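So you can see what is in the structure, the chains are spelled out below.
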Amino acid sequence: MNETFIHSEQLVIGSLIVDNDCFDEIGDLKTEVFSSESHRIIFNEIKTILAQGKPVDLIILAQALEDRGRLDFVGNLPYLGSIVQSVATTKNVRIHANVLINQCKLRQLRALLAELSTDAETVCMPIQEVLDKAESSMFALASGGPESGICELREAVFEAVDW
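Residues numbered from 1 in each chain as written. Predicted model: local features only at pLDDT ≥ 70, side-chain atom pairs only at ≥ 80, totals over all residues. Heavy atoms only, no water.

Considerations on the packing of helix α4 (residues 58-67) against helix α6 (residues 76-85)
Contact geometry of α4 with α6 gives a least axis separation of 10 Å together with a crossing angle of 145°. The handedness of the crossing between α4 and α6 is right-handed. Where α4 approaches α6, its residues Leu58, Leu61, Ala62 and Leu65 are matched on the opposing element by Leu77, Leu80, Gly81 and Val84. In terms of residue class, the contact of α4 with α6 is built from 7 nonpolar, 1 polar and no charged. (Axes fitted to C-alpha atoms, helices over the stretch in contact; angles between N-to-C directions. Helix = DSSP H or I, 4+ residues; strand = E, 2+ residues; numbered from the N terminus. Left-handed = near helix turned anticlockwise from the far one by under 90°. Contact = heavy atoms within 4.5 Å. Nonpolar A, V, L, I, M, F, W, Y, C, P; charged D, E, K, R; others polar.)

Written out as structure tokens, the structure is:
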């Protein structure tokens with residue numbers, strides 16, 4: 001995992017804790033965009049609390065995670081505190097969310113390319129079947145998810161493939 005992308009994950013989570021209204025800007029963000037399992041758990045807990053109409057702060061979040069037996073797994077209270085302290089401003093939360101969306105799409109693309117490569121090497125699979133699967137899978141990947149912040153498929157292919 002790239003440290004820059006982990007930092008973006010932390011900034012998104014920290015922004016939500018510091019300013020719950022940030023959720024309005026990134027409410028369509030899916031848990032799968034987080035590459036860190038700990039961050040997925042924290043983000044889900046924040047979403048759950050906010051969906052109940054309750055505010056989220058560091059203590060409320062830590063208590064909710066503790067109640068579910070997940071606080072130690074995600075790094076405990078000091079880690080959550082460091083996430084909050086790393087937020088200088090919440091104004092760029094959408095930009096960081098878009099970084100996460102793009103990285104998620106690239107992870108999905110790399111996985112798809114690996115799968116298609118395996119399919120192409122399988123002798124018993126007809127070529128047209130491989131091509132049809134490739135086309136439909138690429139189309140699904142290119143058209144899925146929130147439109148804002150998703151990079152062009154061509155750009156994603158060039159980043160994912162080692163030429």
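Things to note about the confidence of the model for the protein chain
With 87% of its residues at a pLDDT of at least 70, the protein chain reaches an overall mean of 85. Ranking the elements of the protein chain by mean pLDDT puts helix α9 (residues 153-160) last with 46 and α4 first with 97. Low pLDDT, under 50, characterises residues 146-163; the stretch is placed with 28 contacts to residues that sit more than four places away or in other chains. (pLDDT = per-residue confidence, 0-100.)

Thoughts on the pattern of salt bridges
Within the structure shown, the criterion is met by 4 salt bridges. Here Glu37 ties to Arg40 by a salt bridge, and the two come within 2.5 Å at their closest N and O atoms. Of this pair, Glu37 and Arg40 both sit in helix α3 (residues 37-51), 3 residues apart, which is roughly one turn of that helix. According to the relative accessible area criterion, Glu37 is partly exposed, its value standing at 38%. According to the relative accessible area criterion, Arg40 is partly exposed, its value standing at 25%. Residue Arg68 is joined to Glu45 by a salt bridge in which the shortest nitrogen-to-oxygen separation is 2.6 Å. Linking Arg68 in the loop between α4 and α5 (71-74) with Glu45 in helix α3, this pair joins segments that are 23 residues apart in sequence. (Salt bridge = Lys/Arg side-chain N within 4 Å of Asp/Glu carboxyl O. Buried < 20%, exposed > 50% of the residue type's maximum accessible area, 1.4 Å probe, protein only.)

Section: unusual backbone geometry
One non-glycine residue, Asn76, lies in the positive phi region at around 70°. Structurally, Asn76 can be placed in helix α6. On the basis of relative accessible area, Asn76 is assigned to the partly exposed category, the value being 31%.

Topic: the packing of helix α1 (residues 3-18) against helix α7 (residues 93-121)
One way to put it is that α1 packs onto α7 with a least axis distance of 9 Å and a crossing angle of 135°. One finds that α1 runs oblique with respect to α7. Two packed elements cross with a definite hand, and for α1 against α7 that hand is left-handed. Together, Phe5, Ser8, Glu9, Leu11, Val12 and Ser15 of α1 and Val93, His96, Ala97, Val99, Leu100 and Gln103 of α7 make up the contact between the two elements. (Parallel < 35°, antiparallel > 145°, perpendicular 65-115°, else oblique.)

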